[in-house]
Amino acid sequence: MSNIDGNNNKRQIDIPCNNHDEEYGKQGISKCIIITGMSGGGKSTALKILEDIGFYAIDNIPPAILPQLIDMLKTHEAAVNNGIVAVIDVRGGILLKGFEDVITTLKSKVSLVKVIFLDAGDEILIRRYETTRRRHPLGKDLPLSVMISKERSVVAPVRELADVVIDTSNLNIQELKDALLKSLGMMDAEPSVIITSFGYKYGIPSDCDYVFDVRFLENPFYCPSLRNLTGVDVEVQEYLLNFTETEKFYNESLRLIKLILPLYRKTGKPQVHIGVGCTGGRHRSVAYSEWLAKELSIDGEKCIIRHRDIEKDKEKVSNVIAD
């Protein structure tokens, strides 16, 4: 992935001079980005990303206070030059009810106001909470699944007002950064191909455009010398290529992929997500994804490759005794 330098990607926006506040037009805030969404959806990470590229960051602010804060910060250098980013979420409680009025007020003061709603699947949210052991902001007396459902009801009106909704379920930090900057017009939407290898036992990635099942290929798992390796290793790739079925399937599927990519681009979809699955996501799908990324890169495609489940069976694999 390309690295993004916030200083090189800042966009200067001319602020029209309003008759009711001539001084504000000369030295006001040009951008106000509101990050909202589900708890566990990645709001803190998004706030840090935008703060790192120069935005003046504010976390957990009651919506009604934000217009006043805009006035207070209209001579603050970082806020004026880069804009303000604020997280507003369910922690605001009943204060969220005034959210729509606040947005209307902000738009009368600021040239660019954008609401970005970060979401994720319920299972992903539960997993993130279990991993971090954080307490849900709605309390601790109910099961986590119930609190997530309750939160969805609370933030539903806010979601309806959002300019952009980003599903962070399968995004890493760099991909979240790309999505944020793209939504703010701070980077061009460069055509790319995301290739994700995965194990069917852990579920299919929900945002794939195409999924290839390679479980019919010979499984290196049953070869003791290859079991502890992965599809990234040359030995595993060479083993798979010993079978004519592997080469035939790869060539035919590659033809299909090269056919559909330009057709997708014609529809205005710059990013195509291809999933490749085997049983555990460690050998066959990984090798196929590596070959595919290499071939498409030679053709000039920007490929982003992720091996989602490559480490999940590591301990189990090392404990298996060959028959």
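Model, not experiment: these values are computed from the prediction. (Residues numbered from 1 in each chain as written. Predicted model: local features only at pLDDT ≥ 70, side-chain atom pairs only at ≥ 80, totals over all residues. Heavy atoms only, no water.)

It is worth spelling out the sheet that holds strand S9 (residues 303-307) at this point. Strands sit in the order S7-S8-S6-S9 across an open sheet of 4 strands; the sheet is parallel. Sheet topology places strand S7 (210-213) and S9 at the edges, where each strand pairs with a single neighbour. For this sheet, the mean angle separating the axes of adjacent strands, direction not counted, is 20°. Two elements, strand S6 (residues 192-199) and S9, share 5 bridges in a ladder whose sense is parallel. Bridge pairing in S9 places Thr-196 opposite Arg-306. (Pairing = 2+ DSSP bridges. Helix = DSSP H or I, 4+ residues; strand = E, 2+ residues; numbered from the N terminus. Axes fitted to C-alpha atoms, helices over the stretch in contact; angles between N-to-C directions.)

Following the UniProt record, one finds the feature "binding site: GTP" (unreviewed entry) at Asp-89, Val-90, Arg-91 and Gly-92. Set against the largest pocket, the annotated residues named above that line it are Asp-89 and Arg-91. Its location among the elements puts Val-90 in the loop between strand S3 (84-87) and helix H6 (99-107). By relative accessible area, Val-90 is classed as buried at 6%. (UniProt positions renumbered as here; feature names shortened; annotations may be inferred. 1 Å grid on protein atoms, 1.4 Å probe; cavity = no way out; pocket = protein on both sides within 12 Å on 5 of 7 lines; lining within 4 Å. Buried < 20%, exposed > 50% of the residue type's maximum accessible area, 1.4 Å probe, protein only.)

What follows deals with a nonpolar patch on the surface. A surface patch of nonpolar side chains, amounting to about 260 Å² of accessible area, comprises Leu-256, Leu-259 and Leu-263. Counting through the fold element by element, Leu-259 comes out in helix H11 (residues 244-266). (Patch = residues over 30% accessible without salt bridge, like charges linked within 9 Å, V, L, I, M, F, W, Y side chains within 5 Å. Areas by Shrake-Rupley, 256 points an atom, 1.4 Å probe, with all protein chains shown as cover. Salt bridge = Lys/Arg side-chain N within 4 Å of Asp/Glu carboxyl O.)

Here we take up the environment of Ser-192. With respect to the helices and strands, the residue Ser-192 is situated in strand S6. On a C-alpha basis, the gap between Ser-192 and His-273 in space is 8.6 Å, while along the polypeptide they are 81 residues apart. If we skip the residues at most four places from it in the chain, Ser-192 touches Arg-265, Pro-270, Gln-271, Val-272, Lys-302 and Ile-304. (Contact = heavy atoms within 4.5 Å.)

Each pair of packed helices can be summarised by the angle the axes make with each other and by the distance between the axes. Orientation of helix H3 (residues 43-52) relative to helix H9 (residues 173-183), taken along the N-to-C sense of each, is 65°, at an axis distance of 10 Å. It follows that H3 is roughly perpendicular to H9 by the angle criterion. The handedness of the crossing between H3 and H9 is right-handed. Where H3 approaches H9, its residues Thr-45, Ala-46, Ile-49 and Leu-50 are matched on the opposing element by Ile-173, Leu-176, Lys-177, Leu-180 and Leu-181. (Parallel < 35°, antiparallel > 145°, perpendicular 65-115°, else oblique. Left-handed = near helix turned anticlockwise from the far one by under 90°.)

Here the focus is the pattern of salt bridges. Scanning the entire structure with this criterion turns up 13 salt bridges. Measuring nitrogen to oxygen at the nearest pair gives 3.4 Å for the salt bridge that ties Lys-48 to Asp-52. Of this pair, Lys-48 and Asp-52 both sit in helix H3, separated by 4 residues, roughly a single helical turn. Note that Arg-308 and Asp-309 form a salt bridge whose closest N and O atoms lie 2.9 Å from each other. The exposure class assigned to Asp-309 is buried, which follows from its relative accessible area of 0%.

Further remarks concern the nonpolar core. Cys-32, Ile-34, Leu-66 and Leu-106 are the most contacted members of the largest nonpolar core, which totals 31 residues. If you list the elements that add at least two residues to this core, you get strand S1 (31-37), helix H4 (66-72), helix H5 (77-82), S3, H6, strand S4 (112-119), helix H7 (122-132) and helix H8 (144-161). Ranked by residue count, the leading element in this core is H6, at 4 residues. Discounting chain neighbours no more than four positions away, the residues touching Ile-34 are Leu-66, Ala-86, Ile-88, Phe-99, Ile-103, Leu-106, Lys-114, Val-115 and Ile-116. Core analysis: the next-biggest nonpolar cluster, separate from the first, contains 22 residues, Ile-195, Leu-254, Leu-261 and Val-272 among them. (Core = buried A, V, L, I, M, F, W, Y, C linked by side-chain atoms within 4.5 Å.)

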